[in-house]
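Examination of the molecular architecture
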Amino acid sequence: MALKKTNKLPQPAALKQILKRCSSFGKKHGYDQGSLPPDDVPKGHFAVYVGENRSRYIVPISWLARPEFQSLLQRAEEEYGFNHDMGLTIPCEEVVFRSLTAIIKA
């Protein structure tokens, strides 16, 4: 029985890559350390884009440690990788994302 080789990063490495990507996305759009982030993204949060319409949601950074959110990030990595200019896009329906966020918040 052969083992399937995977291109996935180990979880801590993947999370670092995601944070680095979010950081570089912000710098690319003028939100570097010398300027303020957008007013609607409070400190300790980041934006994700969800669904076909790419609706924008602001989520706490602490969610990066939640297994439920990590599974969404893994799906995003599989579908889009880290080399794109679409921001952090979560490949699931908005209804599913809202249900998941309700569970995480509870």
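Below is a short write-up of the structure. (Residues numbered from 1 in each chain as written. Predicted model: local features only at pLDDT ≥ 70, side-chain atom pairs only at ≥ 80, totals over all residues. Heavy atoms only, no water.)

**Considering the overall build of the protein chain**
Across its full length, the protein chain carries three helices and three strands. Ordered by position in the sequence, the α and β elements of the protein chain form the string α-β-β-α-β-α. In the protein chain, which comprises 106 residues, the proportion classed as buried is 32%. Partitioning the contacts of the protein chain with sequence separation of at least 6, the portion at a separation of at least 24 is 54%. A total accessible area of about 7500 Å² is found for the protein chain, and carbon and sulfur atoms account for 55% of it. (Helix = DSSP H or I, 4+ residues; strand = E, 2+ residues; numbered from the N terminus. Buried < 20%, exposed > 50% of the residue type's maximum accessible area, 1.4 Å probe, protein only. Contact = heavy atoms within 4.5 Å. Areas by Shrake-Rupley, 256 points an atom, 1.4 Å probe, with all protein chains shown as cover.)

**Points about the side chain of Gln70**
The topology assignment puts Gln70 in helix 2 (residues 67-80). We classify Gln70 as buried; its relative accessible area is 13%. Looking at Gln70, its side chain comes within polar contact range of the main-chain oxygen of Ala65, at 3.4 Å. (Polar contact = N/O pair within 3.5 Å; in protein donor to acceptor, adjacent residues only side chain to side chain.)

**Overview of unusual backbone geometry**
Unusually for a residue other than glycine, Arg54 sits at a positive phi of about 55 degrees. As for its position among the elements, Arg54 is in the loop between strand 1 (45-50) and strand 2 (55-60).

**Quick look at the environment of Tyr49**
Secondary-structure assignment places Tyr49 in strand 1. Since its relative accessible area comes to 17%, Tyr49 is described here as buried. Among all residues touching Tyr49, those that are not within four sequence positions of it are Arg54, Ser55, Arg56, Met86, Gly87, Leu88, Thr89 and Ile90. Among the polar contacts listed, one links the side chain of Tyr49 to the side chain of Arg56, at a separation of 3.4 Å.

**Some details on helix 2**
Along an α-helix, residues three or four positions apart point the same way, because every turn accommodates 3.6 residues. The terminal C-alpha atoms of helix 2 lie 20 Å apart, and with 14 residues this matches the ideal 20 Å at 1.5 Å per residue to within 8%. Two residues or fewer after helix 2 comes Gly81, characterised by a positive phi angle close to 70 degrees. (Expected span 1.5 Å × (residues − 1).)

Without other data, these values stay purely geometric and don't point to any function.
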